[in-house]
Amino acid sequence: MLSMDECRSKHSLGGPILWAVVAAAAAIRIMYLLGGRADPTLTHPIIDAAEYQRIAMAIAQGNDAWGGPFSRPPLFPHLLAGSYALLGTNIFVIQFLNAVLASGTCLLTILLGQELFDRTTGLTAGGIVALYGPMIFFDGQVLASSLVVFAFTLVLLLTVRAMHCPTVTSWLWVGLAMGVAALARPNILLFAPVVIVGVIVAARPRRSWGTTALHLLAGGLAMMLMIAPATLHNYRRNGEFILITDSGGLNLFLGNNLHSLATLAVRPGYSWEHIRRMPHSDGLISRKKAERFFVNRVSQYAKTNPGDFGKQIARKARLFFNATEVPRNVSPYFHRKFSSILSILMWRTKFFGFPFGLIAPLALVGVVMSCHNRPDRAITCGYIIACAASVILFFNASRYRLPIIPPLTIFAAWAAVDTYRRIRDKMPVRIGRRMIGGIIIGFLINAPAATPYDKINFEAALFQGLANEAMWVGDLDRAGESLDRVVKLNANSVELFCGLSYVARQQGQPLKAMAHAREAVRYAPESPDARIYLASELAVRKDFNGAEAESRLAIELDPGHDIAHSTLGMILFGQHRFSAAADAYGRAVHFQPAREDYQLGWGRSLIADGQYAEAESAYSEARWHMESPRMIDALAWLLATCPDPAIRDPKRALALSGESMILLGTPSSDHLDTRAAAMASAARFDEAVAIATRAVTLARSSGRLDLATVMNARRNRYRAGKDIRDPRK
C-alpha cells in the first residue's frame, strides 16, 4: 500500500513524451483510415459490423432494435446510436471515435505500466500499443473492439490503483468501471473472482478484514448498479432474468461439441440461423431455456467425451497463445493488401507471426521474472488468465484476444527495458537464462497451428457480406456487382443463389429470379432456406399450390424454422385461407414472439377470419414485449374499428394511437389515419376530419396515391358523422 503522496505522484499525467505517444496512436489510425480506403469494409460494414449498424440505426430512430432480450452486449450499439442521432450515419465519424478510444487505451497502458513498474516501461508499452497492427485493423471496423479494450484496460488500471491506495471511493470506481465494461462484453465478469481473491490475499498481512469487506461490497454494489438496467430490460421484454445477453449458451456450444470444427466454420447467415433454432426442435422457445439447452448440450458432451473435450480446450488454448491472428468473420491478413500500414505492422510467415509472436514471449519472460511478492502484478496476470479463459472456454478470434494486449505489452516492455539495464550493468548469467527461456517460449508460440477457418475463402465471404449489406440498404446495383464477384470466385452457396434471386426479383427480372431460386434448391435440396426462396418466387407467379408445397417441405426439413411458417402464412393469406394463415403465423410467433412482422401477420389473419377477440389478445400481449409503434398502432385500429362491441374501445384506442405517435416522433400517414379513426370512434368527428386531412395530404406528398384515395373516403365518412366499422386496414 502506498501513502497518499505516493499515490498522487504515480497518478501524474505530465510529460511531453507521454502525450506524443498518445497522439501518435490516434494519428497512425487516421492515416490507416485515409490510406486504406480501397478496403471496402472501411466504407461498408459487413456481418457483425453491419448488424451493429442496423441495431444502432433502429435505436436512433426510436424503434425496437432488439425484439426481446439483448442478443449482443448493449453498450456499443447504444453509443453508436447516440453518435448517429447527433452526428449522422457517417462511418468515418465512428472510425474516428474508435481512434480516439484507441489513443485512450494507449494512455491507460502508459499509466498502468507506470503503476506496475516505472515510467520508461509505461511509455515503451504505450508505444507498442500505438503501433499494434491487429488493433489498428479492428479500430477501423464498426465493432465493439476499441470500446472493449479501452473499458477492460480501465478496469485493470483502476483495480491496481485501488490496491495501491485502497479507499471506498477507489473501489466504487472499480465496480462502476467493471459494470460498464460488462455491458461492452460480459467476459470481464470472470475477472471479478480474481480481484476478490487478490484483495483478500493482499489484506492478510494487515488483517484489515472489515475494511477489505467494505471495499469489496462497495465495488460489488457499484458493478450491479451498472448492470441492473440491462437485466431489467431483459426481464421486461422476456419475463426472465437474463443478466446481460442471451447468446452465451449458443457461443459456448459453437466451440464445444463433437463437430466444433464444423460449427466454428459456419458463417453468419442461413447455417448460423439453423444452429440458433436447434432448441426449437425440443419445443424450447424461451430465450433462457434455449440458452440452457446449449449449456446442457456442452455439459453432456464434456461428461460423455471428456478426452475429446479436453483436447478441444487444449487446442483452443494453443490457438489463443499462438502468433497467428485467428480470423472469424473477416481475416486481418486478407485485408493487409489494402493498406501499407497493415502490411508493415501485421504479418505472418511459416515460423513467425508479428507482432504477437514477438510480444508474447517477451511478456511471458517478464511475467515469470517480475510477479514474485507483488500482488498488483499478480492480479494483472490474473486478469490475463481470466480474459484468456473466457475466450478459450468459447472460441478463438483475433479481436477477442485484444483485451490482454495492453498488460502483455507492459510485461514485454519491462522484460526488454530490464534486460537492457542488466546488459548495461554486465549481468550475463541472468541474460542468458532469459534469452533461452524467451527463445523456447517464442518457438512454441510461433509454431504453425491449424484453425477451423483455414479452408474459408475470405475474399468470397467479404463480397457475400458486402452484397448482404447492399441488399439491406436497397443498393441493388452494388449488391449485384458483389454477388458477381462471388460467382467468379466459384464460391457457391445457398446464400449466394438466394441473393441473386432477390436482386433479380427487385430489378424486375422474374424469370432470372426463379432460375436462381431453383438453382439454390438444386445446389442444396435439404436446405429449408432454399425451399423458402423458391416458395416466395412461386407465390409471386401466383403458383400458390407449388408455393405451399415448398413451404411445407421447408417446415418438414426444419420444424422450428420461423421464416418457413411465416412464408406459409403469407401464401395462405394470399389465397384467402385466413384460418390456416392464422395457424401458420401463430407457429412463427411461437418460435419468434418478438418479430413484429410475424405478430402483425398473425393479427391480420385473425381479423380477416373474424377472430377479433383472439387478435386483440395477440396484439395486447405483443405490445408489452415490444416498443413498436406499428404494433401499438395496429391494436389501436382494431379497438377503434371493430364491429364487435365487446372488443371496441374508443377510449383505449385514443390512448394507444397517441402513444404510438409519441414513440414514432414524426407521425406517418398510417398513424394519422389510425388517430383519425380513433377520434371518430369517440364521436369527435371534427377532430377526425382535421387529422384525416393531414393523413391524406401526407400520403399524396409521399406518392402513395392509392392509400390517399382510401383515406379520403374515410374522411368523407367522418364528415357525415360516421365512424369506421371495418378492422381490416
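What counts as what
- Residues numbered from 1 in each chain as written.
- Predicted model: local features only at pLDDT ≥ 70, side-chain atom pairs only at ≥ 80, totals over all residues.
- Heavy atoms only, no water.
- Helix = DSSP H or I, 4+ residues; strand = E, 2+ residues; numbered from the N terminus.
- Rg over C-alpha atoms; globule rule 2.2 N^0.38 Å.
- Buried < 20%, exposed > 50% of the residue type's maximum accessible area, 1.4 Å probe, protein only.
- Areas by Shrake-Rupley, 256 points an atom, 1.4 Å probe, with all protein chains shown as cover.
- Lys, Arg positive; Asp, Glu negative; His and termini not counted.
- Charge placed at Lys NZ, Arg CZ, Asp CG, Glu CD.
- Core = buried A, V, L, I, M, F, W, Y, C linked by side-chain atoms within 4.5 Å.
- Contact = heavy atoms within 4.5 Å.
- Salt bridge = Lys/Arg side-chain N within 4 Å of Asp/Glu carboxyl O.
- Patch = residues over 30% accessible without salt bridge, like charges linked within 9 Å, V, L, I, M, F, W, Y side chains within 5 Å.
- Polar contact = N/O pair within 3.5 Å; in protein donor to acceptor, adjacent residues only side chain to side chain.
- Axes fitted to C-alpha atoms, helices over the stretch in contact; angles between N-to-C directions.
- Left-handed = near helix turned anticlockwise from the far one by under 90°.
- Nonpolar A, V, L, I, M, F, W, Y, C, P; charged D, E, K, R; others polar.
- Phe/Tyr/Trp six-rings, centres within 6.5 Å; stacked < 30°, edge-to-face > 60°.
- Lys NZ or Arg CZ within 6 Å of the ring centre and 35° of its normal.
- Parallel < 35°, antiparallel > 145°, perpendicular 65-115°, else oblique.

Novice: How should the overall build of the chain be read in this particular structure?
Specialist: Secondary structure summary: the chain contains 37 helices and 2 strands in total. Taken over C-alpha atoms, the radius of gyration comes to 29 Å for the chain, in line with the 27 Å a tight globule of 729 residues would show. A principal-axis box enclosing the C-alpha atoms of the chain has dimensions of 100 × 55 × 50 Å. Taking all 729 residues of the chain together, 54% fall into the buried category. With an accessible surface of roughly 31,100 Å², the chain has 62% of that area assigned to carbon and sulfur atoms. Here the chain contributes 77 positive and 56 negative side-chain charges, whose respective centroids are spaced 8 Å apart.

Novice: Whenever I open this one, the nonpolar core confuses me. Can you help?
Specialist: Nonpolar side chains in soluble globular proteins tend to be buried together. The biggest cluster of nonpolar side chains holds 137 residues, and the ones touching the most others in it are Ile188 and Phe191. Considering each element in turn, this core owes the most residues, 12 residues, to helix H8 (residues 145-164). Setting aside anything within four residues of it in sequence, one finds phenylalanine 191 in contact with Val155, Leu156, Thr159, Met178, Ile379, Gly382, Tyr383 and Ala386. Counting 41 residues, the second largest nonpolar core, distinct from the first, contains Ala615, Met631, Ala634 and Ala640.

Novice: Just checking my understanding: could you explain the pattern of salt bridges for this structure?
Specialist: Two side chains carrying opposite charge are able to pair once their charged atoms lie near each other. Going through the model one piece at a time under the given rule, you end up with 27 salt bridges. One salt bridge in this structure joins arginine 72 and aspartate 48, with 3.2 Å as the shortest N-O distance. Of this pair, arginine 72 sits in the loop between helix H3 (48-60) and helix H4 (75-87) while aspartate 48 sits in helix H3; the two residues are 24 residues apart in sequence, bridging distant segments of the chain. Looking at aspartate 48, the relative accessible area reads 11%, which means it is buried. Through salt bridges with shared partners, one network takes in Asp48, Arg72 and Arg399.

Novice: I tried to follow a nonpolar patch on the surface on my own but got confused; where do I start?
Specialist: A surface patch of nonpolar side chains, about 510 Å² in accessible area, is lined by Leu86, Leu87, Phe96, Leu97 and Val100. Element by element, the count of residues in the nonpolar patch is highest for helix H5 (residues 91-116), at 3 residues. Among the structural elements, valine 100 can be located in helix H5.

Novice: What's the story with the side chain of serine 398 in this structure? I'm lost.
Specialist: With respect to the helices and strands, serine 398 occurs in helix H20 (residues 398-401). A relative accessible area of 2% places serine 398 in the buried class. Within the local environment of serine 398, its side chain forms a polar contact with the side chain of glutamate 325, the two groups lying 2.5 Å apart. Every residue in contact with serine 398, bar those within four places of it in the chain, is listed here: Pro134, Phe138, Glu325, Val326 and Pro332.

Novice: Just checking my understanding: could you explain the packing of helix H24 (residues 476-488) against helix H25 (residues 494-506) for this structure?
Specialist: Each pair of packed helices can be summarised by the angle the axes make with each other and by the distance between the axes. The contact between H24 and H25 brings their axes to 10 Å, and the two run at 150 degrees. Crossing of H24 over H25 shows left-handed handedness. Residues Leu476, Ala479, Gly480, Leu483, Val486 and Val487 of H24 touch H25, and the partners they reach there are Leu496, Gly499, Leu500, Tyr502, Val503 and Gln506. Here the contact of H24 with H25 is built from residues that sort into 9 nonpolar, 3 polar and no charged.

Novice: Teacher, can you tell me more about the packing of aromatic side chains here?
Specialist: Both the distance between ring centres and the angle between the ring planes are used here to describe each pair of aromatic rings. The tally for this structure, following the rule as stated, stands at 17 aromatic pairs. For the ring pair tryptophan 66 and phenylalanine 70, a centre distance of 4.9 Å and an interplane angle of 80 degrees mean the geometry is edge-to-face. Residue class for phenylalanine 70 comes out buried when judged on its relative accessible area of 5%. Arranged with centres 5.3 Å apart and planes meeting at 15 degrees, the rings of tryptophan 347 and phenylalanine 354 form a pair that is stacked. Taking the relative accessible area as the measure of exposure, phenylalanine 354 reaches 22% and is therefore partly exposed. Through successive ring pairs, a cluster of aromatic residues spans Phe117, Phe411 and Trp414. Over the face of the ring belonging to tryptophan 472 we find arginine 54, whose NZ or CZ atom lies 5.3 Å from the ring centre. Positioned over the ring face of phenylalanine 356 is arginine 401, at 3.7 Å from the centre of the ring.

Novice: Looking at this structure, I do not really get unusual backbone geometry. What am I missing?
Specialist: Most peptide bonds take the trans form, and the phi angle of most residues other than glycine is negative. For the peptide bond that leads from phenylalanine 354 to proline 355, omega is 15 degrees, which places it in the cis range. One non-glycine residue, isoleucine 47, lies in positive phi territory at about 55 degrees. Inspection of the secondary structure assignment puts isoleucine 47 in the loop between helix H2 (16-35) and H3. Positive phi outside glycine occurs at histidine 576, with the angle close to 65 degrees. Along the chain, histidine 576 falls in the loop between helix H29 (562-574) and helix H30 (578-591).

Novice: I keep staring at the side chain of threonine 159 and nothing clicks. Help me out?
Specialist: Mapped onto the elements, threonine 159 comes out in helix H8. Taking the relative accessible area as the measure of exposure, threonine 159 reaches 0% and is therefore buried.

Novice: Sorry, what's going on with the environment of proline 40 here?
Specialist: In this fold, proline 40 is placed in the loop between H2 and H3. Residue class for proline 40 comes out buried when judged on its relative accessible area of 16%. With 426 residues separating them along the chain, proline 40 and leucine 466 place their C-alpha atoms 8.0 Å apart. Among residues more than four places away in sequence, those in contact with proline 40 are Phe338, Leu462 and Leu466.

Novice: Explanation requested: the environment of valine 93 in the structure shown.
Specialist: Assignment of secondary structure puts valine 93 in helix H5. As for valine 93 and serine 83, which are separated by 10 residues in sequence, their C-alpha atoms are 8.2 Å apart. Residues in contact with valine 93, not counting those within four places in the same chain, are Ser83 and Leu87.

Novice: Looking at this structure, how should I read the packing of helix H35 (residues 669-681) against helix H36 (residues 685-701)?
Specialist: Where H35 contacts H36, the two axes come as close as 8 Å, and the packing angle between them is 165 degrees. One way to sum up the angle between H35 and H36 is to call them roughly antiparallel. For the pair H35 and H36, the crossing hand works out as left-handed. Here H35 contributes Ser669, Leu672, Asp673, Arg675, Ala676, Met679 and Ala680 to the contact with H36, which in turn contributes Phe685, Glu687, Ala688, Ile691, Ala692, Arg694, Ala695, Leu698 and Ala699. Looking at the contact of H35 with H36 residue by residue, the classes come out as 11 nonpolar, 1 polar and 4 charged.

Novice: Mind showing me how you'd approach the environment of tyrosine 718 here?
Specialist: As for its placement among the helices and strands, tyrosine 718 is situated in helix H37 (residues 705-719). With relative accessibility at 1%, the residue tyrosine 718 sits in the buried group. Sequence separation between tyrosine 718 and aspartate 686 is 32 residues; the distance between their C-alpha atoms is 7.7 Å. When residues no more than four places from it in sequence are discounted, the contact partners of tyrosine 718 are Asp673, Ala676, Ala677, Ala680, Phe685, Ala688, Val689, Ala692 and Ile724.

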